[in-house]
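Listed below are the residues making up each chain.
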Amino acid sequence: MIQAANLNPTQIHLLKLFSFNNSEDYAKEIQMVLTRYFQKQLDAESDRLWDEGILNQDALDRIAHEDLHAR
């Protein structure tokens with residue numbers, strides 16, 4: 001059993017939301033909504049970093065050659 005004390009308010013809310021419909025289609029729909037939301041956040045942050053000169057093509061090229069799973 002999951003202890004509510006270990007969950008943050010967002011996790012608790014999502015668990016309550018998911019309890020109403022157990023279908024695979026519903027789960028996929030929620031996953032797509034969350035994916036779109038976080039992709040939009042990532043795009044906005046990437047644009048900000050690019051506009052501020054923190055992120056540029058050289059940085060992207062370095063990232064492309066890093067093993068990000070090794071950390």
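Please read all numbers here as calculations on a predicted model, not as lab measurements. (Residues numbered from 1 in each chain as written. Predicted model: local features only at pLDDT ≥ 70, side-chain atom pairs only at ≥ 80, totals over all residues. Heavy atoms only, no water.)

A. Structural detail: the overall build of the chain. Check the secondary structure of the chain and you find three helices and zero strands. For 71 residues, the compact-globule estimate of 2.2 N^0.38 gives 11 Å, and the C-alpha radius of gyration of the chain, at 18 Å, exceeds that figure by more than 25%. With the C-alpha coordinates of the chain rotated into their principal frame, the extents come out at 45 × 25 × 20 Å. A total of 71 residues make up the chain; the buried ones form 6% of that total. For the chain, the accessible surface area stands at approximately 6700 Å², while carbon and sulfur atoms represent 57% of it. Within the chain, the 12 negative side-chain charges are centred at a point lying 7 Å from the centre of the 7 positive side-chain charges. (Helix = DSSP H or I, 4+ residues; strand = E, 2+ residues; numbered from the N terminus. Rg over C-alpha atoms; globule rule 2.2 N^0.38 Å. Buried < 20%, exposed > 50% of the residue type's maximum accessible area, 1.4 Å probe, protein only. Areas by Shrake-Rupley, 256 points an atom, 1.4 Å probe, with all protein chains shown as cover. Lys, Arg positive; Asp, Glu negative; His and termini not counted. Charge placed at Lys NZ, Arg CZ, Asp CG, Glu CD.)

B. Local environment of the pattern of salt bridges. Tallied over the entire structure, the rule returns two salt bridges. Here glutamate 45 makes a salt bridge to arginine 48, at a shortest N to O gap of 2.5 Å. Taken as a pair, glutamate 45 and arginine 48 lie in helix α2 (residues 24–51) at a separation of three residues, close to a single helical turn. For glutamate 45, a relative accessible area of 35% puts it in the partly exposed group. (Salt bridge = Lys/Arg side-chain N within 4 Å of Asp/Glu carboxyl O.)

C. A nonpolar patch on the surface, seen in detail. Together, Phe18, Leu34, Tyr37 and Phe38 make up an exposed nonpolar region whose accessible area comes to about 380 Å². Ranked by residue count, the leading element in the nonpolar patch is α2, at three residues. Note that phenylalanine 38 resides in helix α2. (Patch = residues over 30% accessible without salt bridge, like charges linked within 9 Å, V, L, I, M, F, W, Y side chains within 5 Å.)

D. Fine view of the confidence of the model for the chain. The share of residues in the chain with pLDDT of 70 or more is 92%, and the mean pLDDT across the chain is 88. Per-element averaging of pLDDT across the chain places helix α1 (residues 9–18) at the bottom with 85 and α2 at the top with 94. (pLDDT = per-residue confidence, 0-100.)

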